[in-house]
Structures are given as C-alpha cells and as structure tokens.
Amino acid sequence: MALNMKQQQAGLSRKAARSVSSRAPVVVRAVAAPVAPAAESEAKKAYGVFRLSYDTQNEDASLTRSWKKTVKVAVTGASGNIANHLLFMLASGEVYGKDQPIALQLLGSERSKEALEGVAMELEDSLYPLLREVSIGTDPYDVFGDADWALMIGAKPRGPGMERADLLQQNGEIFQVQGRALNESASRNCKVLVVGNPCNTNALIAMENAPNIPRKNFHALTRLDENRAKCQLALKSGKFYTSVSRMSIWGNHSTTQVPDFVNARIGGLPATDVIRDMKWFREEFTPKVALRGGALIKKWGRSSAASTAVSVADAIRSLVVPTAPGDCFSTGVISDGNPYGVREGLIFSFPCRSKGDGDYEICDNFIVDEWLRAKIRASEDELQKEKECVSHLIGMMGGSCALRGAEDTTVPGEN
Ligand code: LMR
C-alpha cells in the first residue's frame, strides 16, 4: 500500500510513514525537494500506486555537485533472472558511470507485481547513492515515460510443442504494444536495447511501431555472443581475453550468427595467425559460440542470466564510452545504408564503433571473405524469413511465414 496523500503532504519521513503502514510501499529516493500536491498527484498518475518520492534536500552537496543530470532507464521483465543481476549493476554506477545518477522505471506484469515490489525493496536496501528513484508499474505507457533508455528484457520463452513462428507471433505482439508505448511516452532520443528473444526481430517490431524514435536507436543484444567468442579465442590461444579485439558477430542472435574470426585480433595480431587452425575456427569455434546458449540451458535448466546481464552492461558501456582505436563492438542495428550490402530493413548485427555519445557507426573496414559472405547471407535470409512472419505486426503487406512447419532452431537456446 502506498503512502496516502496526507502523509506525503505532511512531509513525513519514509520511516515514520512506514510505521503506520504494515506493508512497505515500493519506493525510493528522489532528488527533488518535497513534492507539491499538484506535482505529486501528477507523479502518481504517471507511475501508478507504486511510486513515491521523498525529501533529499539535506543530502551532502559535496557528493552530488559534479553529477550529471539523472538518466531515466526503463527495464522490462524487471522481476526476471536477467534483470535481477542487471539492475544492481545499473544502480551501482558501473555501467553509466560513477557521476551518473539514475532513475529506474521497472515494468512487470500483473502476475509479477509482488515480485516487482520485492525487487524495488532490494534496490532500496542496497543504498546506492546514484539510485535516485525507482518506480514500478504494469503499463508500458507509464513506465516508458520520458525514458532515455529502454532495456527490453521481458519476453515469453518457447513452450513445449510451440513452433518458432508461434513464438515470433506471441512475442511480436508484446513488442508491437511496447513499441507503440515507446513511441508515445519515451524520450524522442531514447536508446532501445532488446534482449528478449528472438531479439533481432523483436527489435524490428518495436522500431517499426515507434516512428517517433530514430531507427538507428534500436539495438538487439549480440554482445553476449561477442563475449562468448572472445572467451573461446582466449582459451584456445592461452592469452588473456583482454588481448582479444575486433571480435565481431554478424547477423542474427541465433544459431546462424557469424562469429567473425577473420577480422579478430589476439594481442594485435590476426587471430588466424595466432591460432593456426582453420578447421578449428570453422568446425569448433563457430558452432561452439552459436550454440553456447543451448549448452548453458542444458546445464542450468534455464537460459543464461548473469552473463546476459553482464553483456547488457557491456553493450550500454560501448555506447557511452568511446571505442578504443581500431577496436569495435557488436550490436544488432538497422541495416539501412550498411557498407556490406546486407539487405536493408533488417536488424542485423555488425561491427560498430562509438564516440561514447550514445550514437554509433558501422565499421566499414572489415574484410568479408567468401566464407564469411556465405555465412552472413544465411543469417540474412533467416532474418528476412522472420520479418515475413511478423509482417502484420510491422505494417508490411503480403508477407507469408515460411518458418511455419519448417525445421527451425533459431534462438541459441533452442537447438
Ligand atoms: C542465450 O543466448 O543464452 C539465450 O538467447 C538463449 C535463449 O534461448 O534464451
């Protein structure tokens, strides 16, 4: 139960207010002075019954003086396993920076409301100074309000006997609704990172339903695959993983993804000069990276959560910290105008670099040899088929779903 208006207007401290309320409200801290009644009811309207603000006027200015303007980060699937790792990394400052205060806007479902309150309580109990506010809700139009970033983790996993086309349909509908909500509520320059699978096509659906937000701002998470590839190169070469650079993933976050060993470097040298074993690259390294998600599910009985959260943090940092000279990072982005001849209108993973301003460009100097070209084409064809299966969700006429009834694997966890 939230504090009632009288308690808030009387400026009761959160602790005092709690003593009159048996179930603690989900809360949080805000930079603002006590909220004026009109603003308060506005805030309540915007965030539902879960949100509270309280007076932080007396906090130590020497701590906050050099801080940037608070960044608003919306997270969907906020009570799930991935978010349970990610939210604490975000709140600690290790992702956006130690001078970057953050407001977390968490989206759950009716079913996960209680769990979401638990998440907010744990965030509160962690005493992160940079965490200025947490709000939770079940309406994406509210939760995405003015968001600078939207981390879209929530999606349904494929159930027994479900075809991939069914998964695309079910999750596609979620991303259609959430895309529309982003379009209406989020900041006009919101950066959107889709994690929920099938993430490339889900990102495409969100993007096509959010014409007010630049197409360039939509990302699908392939950083997890990049990290997995770096790990394998480090293990095989006996070099520490920080010596691996230019390790890029092309295409879909699926079993057709292309971990690019051709352009990768180890200790500044071509990976293929350090590991002189093309058979290993093609027949072991490539499938090992592409099938890693499935291998993990077999061990855990659920999909990867901690390493996915770490890779989301890495993906965000790649956009807010300048890319090291000569290096790149992988992210699934709109293929429009790409320098490699990949069909336009797909969310496709490319090697990218950033100046650290939230924007990026696709690297244009990667060698695409015949082997890479054929693999990239297969992933491109798969994404085109996925797109046709969701044509009705993206305002495209006449698509037909060739995936239905076909032998389908696509998401790494589904092989
Ligand atoms: C992963 O790569 O670990 C996940 O995308 C697997 C899955 O199917 O959820």
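Residues numbered from 1 in each chain as written. Predicted model: local features only at pLDDT ≥ 70, side-chain atom pairs only at ≥ 80, totals over all residues. Heavy atoms only, no water.

Before going further, it helps to spend a moment on the packing of aromatic side chains. Describing an aromatic ring pair means giving the distance of the ring centres and the angle of the ring planes. By the definition in use, this model includes 13 aromatic pairs. Between Trp 250 and Phe 366, the ring centres sit 6.5 Å apart and the planes meet at 70 degrees, which makes this aromatic pair edge-to-face. Placement of the pair is Trp 250 in strand β8 (residues 248-250) and Phe 366 in the loop between β14 (361-362) and α15 (370-389), with a sequence separation of 116 residues. Residue Phe 366 is classed as buried on the basis of its relative accessible area of 5%. Arranged with centres 6.5 Å apart and planes meeting at 25 degrees, the rings of Tyr 340 and Phe 350 form a pair that is stacked. Taken together, the positions of Tyr 340 in the loop between β12 (329-334) and β13 (347-353) and Phe 350 in strand β13 put the pair 10 residues apart, joining distant regions of the chain. The two residues Tyr 340 and Phe 350 agree in class, both being buried. We note Lys 216 situated over the ring of Tyr 360; from NZ or CZ to the ring centre the distance is 4.6 Å. (Phe/Tyr/Trp six-rings, centres within 6.5 Å; stacked < 30°, edge-to-face > 60°. Helix = DSSP H or I, 4+ residues; strand = E, 2+ residues; numbered from the N terminus. Buried < 20%, exposed > 50% of the residue type's maximum accessible area, 1.4 Å probe, protein only. Lys NZ or Arg CZ within 6 Å of the ring centre and 35° of its normal.)

Let us look at the state of the cysteines. What we call a disulfide is simply a covalent bond connecting the sulfur atoms of a pair of cysteines. Using the criterion set out here, one finds 1 disulfide in the structure. Two residues share a disulfide in this structure: Cys 389 and Cys 401, whose sulfurs sit 1.9 Å from each other. Measuring the twist about the S-S bond at about 80 degrees, one finds the Cys 389-Cys 401 disulfide to be right-handed. With a gap of 12 residues between them, Cys 389 in helix α15 and Cys 401 in the segment after α15 connect regions that are remote in the sequence. Assessed through its relative accessible area of 8%, Cys 389 is described here as buried. The exposure class of Cys 401 is partly exposed, given its relative accessible area of 27%. (Disulfide = S-S within 2.5 Å.)

Looking now at the nonpolar core. Formed by 74 residues in total, the largest nonpolar core has its most connected members in Val 73, Leu 87, Leu 90, Leu 104, Leu 106, Leu 123 and Leu 233. Looking at this core element by element, the count peaks at 8 residues for helix α5 (residues 81-92). Domain assignment of the residues forming this core places at least three in each of domain 1 (66-220) and domain 2 (222-393). Counting 30 residues, the second-largest nonpolar core is a separate cluster that includes Phe 144, Ala 203, Val 390 and Ile 394. (Core = buried A, V, L, I, M, F, W, Y, C linked by side-chain atoms within 4.5 Å. Domains from an automatic or database assignment.)

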